[in-house]
Amino acid sequence: MSSALTDLFPHPIVQAPMAGGVSVPRLAAAVSDAGGLGFLAAGYKTADGMYQEIKQLRGLTGRPFGVNLFMPQPEYADPAAVDVYSHQLAGEAAWYETELGDPESGRDDGYDAKLAVLLDNPVPVVSFHFGVPGGEVLEALRRAGTFTLVTATTPDEALAVQRAGADAVIAQGVEAGGHQGTHRDIPETDGAGLGLLSLVGQIRETVGIPVVAAGGLMRGSQIAAVLAAGASAAQLGTAFLATSESGAADLHKQALTNPLFVRTELTRAFSGRPARGLVNRFLREHGPYAPAAYPEVHHLTSPLRKAAAKAGDPQGMALWAGQGHRMARPLPAGQLVEVLAAELADATTALSGFRNAGGDPR
């Protein structure tokens, strides 16, 4: 396994890039300074907005960090289905005293402009979500000195990542909070994703590039498990969402351990693409009827989500969270990295002691 990625940071701990204002520069800086790999999320930002955050982050830390990009989405949404959904949401707009967003607000997320910035001003690591960039893009980033990762949710997707020339693959299990990084959005496969340990094992037997494991990880012992399964590092999102440096709304942070929100589900209600969040009123009422239409539904519901947050109503917010959300710890991000690293060391020592005593870890 290549050490080019893990040589960038002492601890095999990656802070997941969480779009929507969660993965802010102060969070990424705190994680990187503590020996993990901090990440900025460029999704839903302009190219200039991304550039300004990179500048800010560089002013906060001299350690390596990453930037995540969303791949442009093909035009396959049914306009009629989006229109029907907008009518269904009319009552929400009236309740929150706001207008629905324009579903045709753009679908490429400024991808080309962001790439241009990252090639002109290279960063240590760039990752991609919702598909695989062209080989020429990955090669250009490599020539610029950037390490590249691409999310995969199946062994076949991981193979496509390797063939395109990425340096490593992020194996995202179905437990993960937020959007599933499937390369193609196929409604018939909703909820059929692989669990993380099974996915890591299958991907390790499919590709020869390093694997970063992501999905529901909240403790150092779990990081030890995915490393034992063949991953080179672990990516954690929900665990860092609860930290003091996270840009998540306080309502979102509190909901992670609020007994009112007992479980998560994959839903299309807020964005039109499968994403795991805490089950609230909006998800229950609209999830069964939301069309496969990303980013149209994302644009449509954006004002509703903002109005719900402003009103202090978590029942109308997209409360993205992984399956391990109730294990969230509201620590400073740097301290969380240190705690995770200590838990990982303890778990590794325990496993080593078991082996030395003649135990069979199988």
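Rules used throughout
- Residues numbered from 1 in each chain as written.
- Predicted model: local features only at pLDDT ≥ 70, side-chain atom pairs only at ≥ 80, totals over all residues.
- Heavy atoms only, no water.
- Axes fitted to C-alpha atoms, helices over the stretch in contact; angles between N-to-C directions.
- Helix = DSSP H or I, 4+ residues; strand = E, 2+ residues; numbered from the N terminus.
- Parallel < 35°, antiparallel > 145°, perpendicular 65-115°, else oblique.
- Left-handed = near helix turned anticlockwise from the far one by under 90°.
- Contact = heavy atoms within 4.5 Å.
- Nonpolar A, V, L, I, M, F, W, Y, C, P; charged D, E, K, R; others polar.
- Buried < 20%, exposed > 50% of the residue type's maximum accessible area, 1.4 Å probe, protein only.
- Pairing = 2+ DSSP bridges.
- Right-handed = clockwise from strand over helix to strand, strands pointing away.
- 1 Å grid on protein atoms, 1.4 Å probe; cavity = no way out; pocket = protein on both sides within 12 Å on 5 of 7 lines; lining within 4 Å.
- Points joined across faces, edges and corners; volume = space filled by probe spheres on them.
- Salt bridge = Lys/Arg side-chain N within 4 Å of Asp/Glu carboxyl O.

Q: Can you help me understand the packing of helix H3 (residues 79-88) against helix H13 (residues 296-310) in this one?
A: For any two helices packed against each other, one specifies the crossing angle of their axes together with the interaxial distance. Contact geometry for H3 and H13: axes closest at 11 Å, N-to-C directions at 15°. Accordingly, the angle class assigned to the pair H3 and H13 is roughly parallel. When the axes of H3 and H13 are compared, the crossing they make is right-handed. Between H3 and H13, the residues in contact are Val82, Tyr85 and Ser86 and Glu296, Val297 and Leu300, respectively. Classifying every residue of the contact of H3 with H13 by side-chain character gives four nonpolar, one polar and one charged.

Q: Any chance you could explain the pairing of strand E5 (residues 147-152) here in plain terms?
A: Taken residue by residue, a regular strand's side chains alternate between the two faces of the sheet. Taking burial as the measure, the six residues of E5 include six buried ones, the bulk of the element. Burial of E5 is two-sided: the residues Phe147, Leu149 and Thr151 facing one way and the residues Thr148, Val150 and Ala152 facing the other way are all buried. Both E5 and strand E6 (residues 168-172) contribute to a ladder of four bridges, which runs parallel. Looking at the pairing, Val150 lines up with Val169 of E6. Following the backbone out of E5, through helix H7 (residues 155-164) and into the adjacent parallel E6, one traces a crossover that is right-handed.

Q: Help me understand the layout of surface pockets in this model?
A: Any space left empty among the atoms is revealed by the rolling of a water-sized probe across them. By volume, the largest pocket amounts to about 1100 Å³. Lining the largest pocket are 45 residues, and of these Met18, Ala19, Gly20, Val22 and Trp320 lie nearest its centre. For the lining of the largest pocket, the elements supplying multiple residues, two or more each, are strand E3 (65-70), strand E4 (125-129), E6, strand E7 (178-179), strand E9 (233-236), helix H10 (238-241) and H13. In terms of residues, the lining of the largest pocket owes the most to one element, H13, which gives five residues. Of the residues that constitute the lining of the largest pocket, the class distribution is 22 nonpolar, 21 polar and two charged. Here the second largest pocket is characterised by a volume of approximately 360 Å³. Looking at side-chain class alone, the lining of the second largest pocket contains six nonpolar, eight polar and four charged residues.

Q: Sorry, what's going on with the sheet that holds E4 here?
A: Strand pairing in a sheet relies on backbone hydrogen bonds. The paired strands run either parallel or antiparallel. Taken together, the eight strands give an open sheet; going across it, the order is E1-E9-E8-E6-E5-E4-E3-E2, and neighbouring strands pair in parallel fashion. Edge positions in the sheet fall to strand E1 (13-15) and strand E2 (38-41), since each of these pairs with one other strand and no more. Each strand of the sheet is rotated relative to its neighbour by a mean of 25°, with strand direction disregarded. In this structure, E3 lies alongside E4, joined through five bridges in parallel fashion. Bridging across to E4, Phe70 finds its partner in His129. In this fold H7 packs onto E5 and E6, with an angle of close to 155° to the strand it touches most, E5.

Q: Would you take a moment to explain the pattern of salt bridges for this structure?
A: Side chains that differ in charge, positive against negative, can pair when their charged atoms come close. Summed over the entire model, instances satisfying the criterion amount to 12 salt bridges. Among the ionic pairs, Lys45 bridges to Glu53, the shortest N-O distance being 3.7 Å. What you see here is one network of salt bridges that share partners, running through Glu139, Arg142, Arg143 and Asp167.

Q: Would you explain the environment of Leu69 in this entry?
A: Mapped onto the secondary structure, Leu69 falls in strand E3. On a C-alpha basis, the gap between Leu69 and Lys45 in space is 9.8 Å, while along the polypeptide they are 24 residues apart. Among all residues touching Leu69, those that are not within four sequence positions of it are Ala42, Met50, Tyr111, Lys114, Leu115, Leu118, Val126, Ser127, Phe128 and His129.

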